[in-house]
Amino acid sequence: MVLILASFGIAQDAGQAGFVISLKNGSSIRGRTLTRDESSGTLRLAMTETGSGEAKSYAMISPDDAVDIRSTSTETDSIRIRLKGGSELKCKEFVLQGDAVAVKLGSASRVEVKWSDIESISFTQ
């Protein structure tokens, strides 16, 4: 059990650029790729990845526990949301809203996208 917790801490402290998910309990989790299980709605955040982009370690998060999701980068539009059909949105932050995601575009506008229309959410550099 201690080994699992130690490897979780190492993955968290790697200092990689990516997502920060703030949780209702005040803690936060960092990772690079975010996916959602269609049947349960659970979020899967890949915290460390292989060279080919496959998850080596990840966290499972209930959307109800997440307060917000933002980029660790100071650059704008570092989150890429790929939509089914080939389109994509780039943003710095987004908010979970049940079966949808409110994507913040610019300083004042938001676009709501249904989870069922999202292919993937990843961090770009």
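Scroll up to find the structure this text is about.
Per chain, residue numbering runs from 1 following the sequence as it is written. For a predicted model such as this one, the threshold for reporting local features is a pLDDT of at least 70, and the threshold for listing and counting side-chain atom pairs is 80 or more; totals across whole chains, interfaces and linings nevertheless cover every residue. To obtain the side-chain values, all non-hydrogen atoms of the structure were used and water was disregarded.

Draft legend 1. Spatial organisation of the overall build of the protein. Secondary structure counts use DSSP, requiring at least four H or I residues in a row for a helix and at least two E residues in a row for a strand, with both numbered from the N terminus. Summing up its helical and strand segments, the protein has one helix and twelve strands in all. For the protein, the succession of helices and strands along the chain, N to C, is α-β-β-β-β-β-β-β-β-β-β-β-β. The cut-offs for exposure are 20% and 50% of the maximum accessible area for each residue type, with area from a 1.4 Å probe on protein chains only; residues under the lower value are buried, those over the upper are exposed, and the others partly exposed. Taking all 125 residues of the protein together, the buried fraction comes to 37%. Relative to all contacts within the protein whose residues are 6 or more apart in sequence, the contacts with residues 24 or more apart total 41%. Where accessible areas are quoted, they stem from the Shrake-Rupley method and a 1.4 Å probe; at the residue level, only the protein chains shown are allowed to cover. Carbon together with sulfur atoms contributes 48% to the accessible area of the protein, which is approximately 7,300 Å² in total. We call two residues in contact whenever any of their non-hydrogen atoms come within 4.5 Å of each other.

Draft legend 2. Layout of the sheet that holds strand S4 (residues 43-49). Paired strands, in this sense, are two strands between which DSSP finds at least two bridges. Taken in spatial order, the six strands of this open sheet run S5-S4-S3-S12-S7-S8, and their pairing is antiparallel. Lying at the two open borders of the sheet, with one neighbouring strand each, are strand S5 (55-61) and strand S8 (88-91). The average angle at which neighbouring strand axes cross in this sheet is 20 degrees, direction not considered. Pairing between strand S3 (residues 33-36) and strand S12 (residues 118-123): two bridges, direction antiparallel. Lines fitted to C-alpha atoms define the axes, with helix axes restricted to the stretch in contact, and inter-axis angles between N-to-C directions lie between 0 and 180 degrees.

Draft legend 3. Spotlight on the pattern of salt bridges. For this analysis, a salt bridge means a side-chain nitrogen from Lys or Arg found within 4 Å of a carboxyl oxygen belonging to Asp or Glu. On inspection of all chains with the given rule, the structure shows three salt bridges. Measuring nitrogen to oxygen at the nearest pair gives 3.3 Å for the salt bridge that ties Asp99 to Arg36. With a gap of 63 residues between them, Asp99 in the loop between strand S9 (93-97) and strand S10 (100-105) and Arg36 in strand S3 connect regions that are remote in the sequence. Taking the shortest distance from any N to any O, the salt bridge between Arg70 and Asp68 comes out at 3.3 Å. For Asp68, a relative accessible area of 25% puts it in the partly exposed group.

Draft legend 4. A look at the environment of Ser28. Within the element layout of this structure, Ser28 appears in strand S2 (residues 28-31). Sequence spacing of Ser28 and Ile69 is 41 residues, and the spatial spacing of their C-alpha atoms is 9.6 Å.

Draft legend 5. The arrangement of the sheet that holds S2 in detail. The strand order across the open sheet formed by six strands is S2-S1-S6-S9-S10-S11, and the pairing between neighbours is antiparallel. The open sheet has two edge strands, S2 and strand S11 (109-114), and neither has a second partner. In this sheet, adjacent strand axes meet at a mean angle of 25 degrees when their direction is disregarded.

Draft legend 6. Quick look at the environment of Ser27. Within the element layout of this structure, Ser27 appears in the loop between strand S1 (19-23) and S2. Separated by 39 residues in the primary sequence, Ser27 and Ala66 place their C-alpha atoms 9.9 Å from one another. Other than its neighbours up to four places away in sequence, Ser27 contacts Ile21 and Ser22. In terms of polar contacts, Ser27 uses its side chain to reach the side chain of Asn25, at 2.6 Å. Definition of a polar contact: a pair of N or O atoms within 3.5 Å, with one able to donate and the other able to accept a hydrogen when the atoms are protein atoms, and with sequence-neighbouring residues admitted only if both atoms are side-chain atoms.

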